[in-house]
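Residue strings, one per chain:
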Amino acid sequence: IYSTMAKLSTAIVSLALLINGASALVPSNVPKTKRPAFDATRAATNTMAAASIASALVIGPMADAIDMTMDTPSFGSSSLVAERVTREGLYREYDVDLGDQVYDNADSTYKSAKETKSKKGKYTALIAVLVVGSFIIPMAQYFWYVKDDDSSDKFFNKVPEPEPEPPKKKGWF
């Protein structure tokens, strides 16, 4: 029921915002000289409509997935039963469910030191190629693009402008 209500409310809000935002496409009788360059109300309404539609598209499949996972649990013969034991703690007694203890696989899956050392050159070459690819190639490309550009030469070899002559004094002399 919750999923259906969530879908329905999302659809209603999306539809209301879409209809309100669709009025932005209707020509108005306001002269162009009085119309503001940016209408914040219309922009906010259109943004809310787009966000609502996007959330409906994202939440819809999630609600279906939640409905599938919330099926009634099966208490058939394959259910695990644990033994309940009462233990004494520091401040009170507590109940513990004891089931089958399962440990992680602690087998080593790393390569041997000899195998790692024998393939070290291959990985060093790979790192060298990646470094060249990420640093040297972009720099070479940049210098290729600016090789015919003389703006830096003009800037650095610029002849300083001479100082202007001071204005003549007006007076008796």
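What you see is a predicted model, and the numbers here were worked out from it, not measured in a lab.

Moving on, we come to the overall build of the protein. From N to C terminus, the protein includes five helices and two strands. Element order for the protein, N to C, with α for helix and β for strand: α-α-β-β-α-α-α. Looking at the protein as a whole, 6% of its 173 residues are labelled buried. Looking at the protein alone, contacts between residues at least 24 apart form 45% of all its contacts between residues at least 6 apart. Only carbon and sulfur atoms are counted for the fraction: they give 64% of the accessible area of the protein, which is about 17000 Å².

Sheet topology places strand β1 (residues 83–88) next to strand β2 (residues 93–98); six bridges connect them, and they run antiparallel. Paired with Arg87 across the strands is Tyr94, a residue of β2. Where β1 folds back onto β2 in an antiparallel hairpin, the turn is made up of four residues.

One pass over the structure, following the stated rule, counts one aromatic pair. Geometrically, the ring pair formed by Tyr142 and Phe143 is edge-to-face, given 5.4 Å between the ring centres and 65° between the ring planes. The ring of Trp144 carries the charged tip of Lys147 above its face, separated from the ring centre by 3.4 Å.

Summed over the entire model, instances satisfying the criterion amount to three salt bridges. Note that Arg84 and Asp97 form a salt bridge whose closest N and O atoms lie 3.2 Å from each other. Here the residue Arg84 occupies a position in strand β1, and Asp97 occupies one in strand β2, the gap between them amounting to 13 residues. Assessed through its relative accessible area of 55%, Arg84 is described here as exposed.

Along an α-helix, residues three or four positions apart point the same way, because every turn accommodates 3.6 residues. End to end, helix α4 (residues 120–146) covers 39 Å across 27 residues, agreeing with the expected 39 Å (1.5 Å per residue, within 8%). For α4, the principal kink sits at Gly133 and spans about 35°.

Moving on: a nonpolar patch on the surface. Taken together, the side chains of Tyr123, Leu126, Ile127, Leu130, Val131, Val132, Phe135, Ile136, Ile137, Met139, Tyr142 and Phe143 make up a nonpolar region of the molecular surface, amounting to roughly 1200 Å² of accessible area. Tracing the chain through its elements places Tyr123 in helix α4.

So, how was this worked out
Residues numbered from 1 in each chain as written. Predicted model: local features only at pLDDT ≥ 70, side-chain atom pairs only at ≥ 80, totals over all residues. Heavy atoms only, no water. Helix = DSSP H or I, 4+ residues; strand = E, 2+ residues; numbered from the N terminus. Buried < 20%, exposed > 50% of the residue type's maximum accessible area, 1.4 Å probe, protein only. Contact = heavy atoms within 4.5 Å. Areas by Shrake-Rupley, 256 points an atom, 1.4 Å probe, with all protein chains shown as cover. Pairing = 2+ DSSP bridges. Phe/Tyr/Trp six-rings, centres within 6.5 Å; stacked < 30°, edge-to-face > 60°. Lys NZ or Arg CZ within 6 Å of the ring centre and 35° of its normal. Salt bridge = Lys/Arg side-chain N within 4 Å of Asp/Glu carboxyl O. Expected span 1.5 Å × (residues − 1). Bend = angle between axes of the 7 residues up to and from the residue. Patch = residues over 30% accessible without salt bridge, like charges linked within 9 Å, V, L, I, M, F, W, Y side chains within 5 Å.

Taken by themselves, the reported measurements are silent on function.
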